[in-house]
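In case you want the letters, here they are:
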Amino acid sequence: MEKSDAELLAACRSGDESAWSALINRYERLIYAIPRRAGLDEDLSAEVFQEVFTTLFEKLDAIEQPERLHAWLVTTARRKTWRLISREQSGGRRSSVDAESNEQELNAIPDNAPLPDEALLRLEEEHRVRTALAALDERCQKLLALLFYRPESPSYSEIASAIGVPEGSIGPTRARCLQKLLKKL
């Protein structure tokens with residue numbers, strides 16, 4: 001069974017490297033996608049990703065609500081993305097902005113680098129589905145990937161041979177796997 005964010009954070013605090021790997025694997029696509037959606041290139045997006053997890057490492061013991069890690073990471077990624085965009089637009093110069101307006105600006109990405117809330121919500125939803133799918137047994141993961149993660153779904157006979165079950169059991173197995181996925185979500 002997959003560990004919760006709170007369990008992974010506790011393991012990270014005790015120095016468990018596999019917990020760090022699991023945490024990074026769980027959130028890498030979501031965190032990397034935030035700066036990409038804001039229009040940053042791969043290198044700058046990788047810089048944001050690295051800064052987010054460096055900040056997490058530095059503030060590991062200060063996180064009071066480990067069950068809200070997902071929201072913390074998204075907020076941190078958005079803020080670091082905004083800061084990087086601001087720095088790039090000002091030619092790398094740091095400008096002094098009063099704390100109140102800075103906080104207001106941190107909550108919104110500038111118009112010239114859009115990151116619509118709908119896109120962020122969709123990314124978070126995709127992340128939840130990927131996480132729930134990863135928590136299913138291998139047969140369900142394979143079946144659902146074959147059915148829903150390909151541009152064109154293969155025939156039931158192709159699916160049956162790929163996962164080693166009779167063709168007539170694909171429909172009922174699909175229904176059970178979707179129910180399991182729904183419970184995980």
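What you see is a predicted model, and the numbers here were worked out from it, not measured in a lab. In every chain, residue numbers begin from 1 and rise along the written sequence. pLDDT decides what is reported in this predicted model: residues at 70 or higher carry local features, side-chain atom pairs at 80 or more are listed and counted, and totals for whole chains, interfaces and linings draw on all residues regardless. Calculated side-chain values reflect all of the structure's heavy atoms, with hydrogen atoms and water omitted.

Colleague: Explain the state of the cysteines to me, using residue names and the numbers behind them.
Modeller: Two cysteines, two sulfur atoms, one covalent bond between them: this is a disulfide. The criterion for a disulfide is a pair of cysteine sulfur atoms lying within 2.5 Å. In this structure the tally under the stated criterion is one disulfide. Cys 140 shares a disulfide with Cys 177; S-S distance 2.1 Å. Here the S-S torsion is close to -75°, and the disulfide linking Cys 140 with Cys 177 is therefore left-handed. One end of the pair, Cys 140, is in helix H7 (residues 138–148); the other, Cys 177, is in helix H9 (residues 170–184), and 37 residues separate them in sequence. Each of the two residues, Cys 140 as well as Cys 177, counts as buried. Here a strand is any run of E in DSSP of at least two residues, a helix any run of H or I of at least four, and the numbering for each starts at the N terminus. When a residue's accessible area, from a 1.4 Å probe over protein chains only, is under 20% of the maximum for its type it is buried; when over 50% it is exposed; and in between it is partly exposed.

Colleague: Residues and numbers for a negative patch on the surface, please.
Modeller: Together, Asp 41, Glu 42, Asp 43 and Glu 88 give the surface a local cluster of negative charge. Residue Glu 42 is classed as exposed on the basis of its relative accessible area, which comes to 53%. Patches here are clusters of residues that have more than 30% relative accessible area and form no salt bridge, with a 9 Å joining cutoff for like charges and a 5 Å cutoff for nonpolar side chains (Val, Leu, Ile, Met, Phe, Trp, Tyr). The accessible surface values rely on the Shrake-Rupley method and a 1.4 Å probe; as for residues, cover is taken only from the protein chains in view. Should a side-chain nitrogen of Lys or Arg be within 4 Å of a carboxyl oxygen of Asp or Glu, the pair is scored as a salt bridge. Counting rule applied: Lys, Arg positive; Asp, Glu negative; His and chain ends not counted. By convention, the charge on Lys lies at NZ, on Arg at CZ, on Asp at CG and on Glu at CD.

Colleague: I'd like a description of the pattern of salt bridges, backed by residues and values.
Modeller: If you walk through the whole model with that rule in mind, you get four salt bridges. With a closest N to O distance of 2.5 Å, Arg 26 and Asp 5 form a salt bridge. Of the two residues, Arg 26 sits in helix H2 (residues 17–37) while Asp 5 sits in helix H1 (residues 5–13), which places them 21 residues apart along the sequence. Since its relative accessible area comes to 14%, Arg 26 is described here as buried.

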